[in-house]
Amino acid sequence: MSDKITDYEVQSSESSMPVNTSTMHNLRYALVGIVFGIVFVRAEIVSWFRIQEMFRLQSFHMYGVIGSAVLVGMISVWLIKKSGVKAIDGMPVTFQPKKFHKGQIFGGLMFGLGWAMTGACPGPLFAQIGSGVTVVLVVLLSAVAGTWMYGYLKEKLPH
Amino acid sequence: MIELIKKPWPWYVAGPLIGLIVPALLLLGNKHFGISANLRHICAACFPANIPFFQYNWKKEIWNLFFVGGILTGGYIAAQWLSDGNAVSIAPALASELRSYNITDTQHLLPQEIFSWEHLLTLRSFILLVVGGFLVGFGTRYAGGCTSGHAIMGLSNLQWPSLVATICFMAGGFVMANVLLPFILNL
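Residues numbered from 1 in each chain as written. Chains lettered and ligands numbered in written order. Predicted model: local features only at pLDDT ≥ 70, side-chain atom pairs only at ≥ 80, totals over all residues. Heavy atoms only, no water.

Let us now look at the overall build of chain B. Along the backbone of chain B there are 8 helices and 0 strands. Along the first, second and third principal axes, the C-alpha atoms of chain B reach 50 × 45 × 35 Å. Looking at the 187 residues of chain B, the share that counts as buried comes to 56%. Partitioning the intrachain contacts of chain B with sequence separation of at least 6 by distance along the chain shows that 47% fall at a separation of at least 24. (Helix = DSSP H or I, 4+ residues; strand = E, 2+ residues; numbered from the N terminus. Buried < 20%, exposed > 50% of the residue type's maximum accessible area, 1.4 Å probe, protein only. Contact = heavy atoms within 4.5 Å.)

Here we come to the overall build of chain A. Scanning chain A for helices and strands turns up 7 helices and 0 strands. Written out in order from the N terminus, the α and β elements of chain A read α-α-α-α-α-α-α. The buried share of chain A, reckoned over its 159 residues, is 56%. Put simply, 51% of the contacts in chain A that link residues at least 6 apart link residues at least 24 apart. When the accessible surface of chain A is split by element, carbon and sulfur atoms take 70% of a total near 6300 Å². (Areas by Shrake-Rupley, 256 points an atom, 1.4 Å probe, with all protein chains shown as cover.)

So, on to the pattern of salt bridges. For side chains of opposite charge, pairing can occur when their charged atoms come near one another. Residue and element names in this part refer to chain A. Counted by the stated rule, this structure contains 5 salt bridges over all chains. The salt bridge involving R50 is made with E44; its shortest N-O contact spans 2.9 Å. Across the pair E53 and R50 runs a salt bridge, and its minimum N-O distance is 2.9 Å. Highlighted residues: E53 and R50, both in helix α3 (residues 48-55), separated by 3 residues, approximately one helical turn. (Salt bridge = Lys/Arg side-chain N within 4 Å of Asp/Glu carboxyl O.)

Burial of α3(A) is extensive: 8 of the 8 residues sit out of reach of the surface. Turning to α3(A), its buried residues are W48(A), F49(A), R50(A), I51(A), Q52(A), E53(A), M54(A) and F55(A). Here the buried face of α3(A) lies against α4 (61-83) and α5 (103-118) of chain A together with α5 (92-99) and α8 (160-185) of chain B. Immediately beyond the C-terminal end of α3(A), within one or two residues, lies L57(A), with a positive phi of roughly 55 degrees.

The subject of this paragraph is the layout of surface pockets. All names here are of chain B. Volume-wise, the largest pocket comes out at about 360 Å³. In terms of lining residues, the largest pocket is bounded by 18 residues, among which S83, N86, Q107, H108 and L109 are the most central. The residue inventory of the lining of the largest pocket, partitioned by class, reads 7 nonpolar, 7 polar and 4 charged. (1 Å grid on protein atoms, 1.4 Å probe; cavity = no way out; pocket = protein on both sides within 12 Å on 5 of 7 lines; lining within 4 Å. Points joined across faces, edges and corners; volume = space filled by probe spheres on them. Nonpolar A, V, L, I, M, F, W, Y, C, P; charged D, E, K, R; others polar.)

Once that is clear, we can look at the confidence of the model for chain B. With 100% of its residues at a pLDDT of at least 70, chain B reaches an overall mean of 93. Among the prediction metrics, the complex's ipTM stands at 0.95, with pTM recorded as 0.93. (pLDDT = per-residue confidence, 0-100.)

Residues and elements named next belong to chain A. One can find Q52 in helix α3. Judged by relative accessible area, Q52 falls into the buried class, the value being 0%. Within the structure, Q52 has its side chain in polar contact with the side chain of R56 (distance 2.6 Å). (Polar contact = N/O pair within 3.5 Å; in protein donor to acceptor, adjacent residues only side chain to side chain.)

This part takes up the nonpolar core. General note: in soluble globular proteins, nonpolar side chains tend to be found buried as a group. With 102 residues, the main nonpolar core has W115(A), I18(B), F33(B) and F67(B) as its most contacted residues. Counting contributing residues, this core receives three or more from each of domain 1 (1-42) and domain 2 (98-159) of chain A. The residues contacting W115(A), other than those within four sequence positions of it, are I51(A), M54(A), F55(A), I66(A), A120(A), C121(A), V136(B), T147(B), F169(B) and M170(B). (Core = buried A, V, L, I, M, F, W, Y, C linked by side-chain atoms within 4.5 Å. Domains from an automatic or database assignment.)

Now for the packing of helix α7 (residues 147-156) of chain B against α8(B). The description of two packed helices rests on the angle between their axes and on the distance between the axes. All names here are of chain B. Following both chains from N to C, one finds α7 and α8 inclined at 135 degrees, their axes separated by 9 Å at the closest point. Taken together, the axis directions place α7 and α8 in an arrangement best described as oblique. Seen from above, α7 lies across α8 with left-handed handedness. Of the residues in α8, those in contact with T147, H150, A151, G154 and L155 of α7 are S162, L163, A165, T166 and F169. Of the residues belonging to the contact of α7 with α8, the class tally is 5 nonpolar, 5 polar and no charged. (Axes fitted to C-alpha atoms, helices over the stretch in contact; angles between N-to-C directions. Parallel < 35°, antiparallel > 145°, perpendicular 65-115°, else oblique. Left-handed = near helix turned anticlockwise from the far one by under 90°.)

Side chains of L71(A), I75(A), W78(A) and L79(A) sit close together on the surface and give an oily, nonpolar patch of about 430 Å² of accessible area. Note on placement: L79(A) falls in helix α4. (Patch = residues over 30% accessible without salt bridge, like charges linked within 9 Å, V, L, I, M, F, W, Y side chains within 5 Å.)

As a measure of interface size, the accessible area lost when the parts come together is often cited. Across the contact, 134 residues belong to chain B and 122 residues belong to chain A. Between chain B and chain A the total buried area reaches about 11300 Å² when both faces are included, carbon and sulfur atoms providing 74% of it. Among the residues of chain B in contact with chain A, W11(B), L109(B) and Y142(B) are the three that bury the most area, contributing 8% of the side total. Between the two partners, chain B and chain A, sit 1 salt bridge. In this structure, R56(A) engages E97(B) in a salt bridge whose closest nitrogen and oxygen atoms are separated by 2.9 Å. The interface formed by chain B and chain A holds 33 residue pairs in polar contact (both at pLDDT 80 or more) in total. Residues belonging to the side of chain B that touches chain A are distributed by class as follows: 87 nonpolar, 37 polar and 10 charged. (Buried area = accessible area lost by both parts, 1.4 Å probe.)

Dropping the structure here:
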């Protein structure tokens, strides 16, 4: 089974479009990341407590964050598709449809379990480490090990 | 203004800002918001081990590593210079439940009784950090994305498989927090 069917987050393997790998070019993504990291910490999205409250229905905070983020994202994607606007380098903006496979159920459940344990999805992991909770490096290394194990077992897993 | 920034930001400020990451990345270079892929790039760069899943040119995906480097830096900036240092206020019901597991520290975003080097080798911390981290890494790649790739980017692009994934993320979280976590925290 090709990666196209299971993993949509490696764009370059799906297109022949040239990719700019220069540091100067990529600094723009670091800047977006900095803003994102600040929001993560200041809105306490990286807090283990906020995640526990979410899964115990004790606070609206995380639902508000995710819900409004999706709404703004949806409107943005709709506007980009509707207007046919290009990226700042003149590159067309493209979207790939996602196909359903069983990994979205099994993997989704596994990630959900881990999310409630660590209080972090992969983005907040980095913000937690940056905010000074260095022991989260252990969680990150473990997550890399988990990803590696998935790659190792991929052909044997139901998809 | 700076006083306002130092207080915890409400959801209606944070959520829309996170949503704007989607068009920002698309318009800066046709990049799709998704963070967990960087774990795969780290594997491809450091331990590919002839596994087909890690045989691709990870350097073409380097933007994602810059992106998470930025998140790390942003976390540092926020904690060092933009925080008022007050304790995290948490729901009373959660506070009293956590007290029964001897978790009382709310000074940090993560309770020190679990997330600190000196507690790492206690059974409950080890399970939560090491097993939890493993599940995050394995699960996100198996699902083909995480909260950003599926819940935010996928739903923004109206992809129903992303809705399935998001529902499963939540289901797993509910089971862990309400059914399994009480046992782990009592260890």
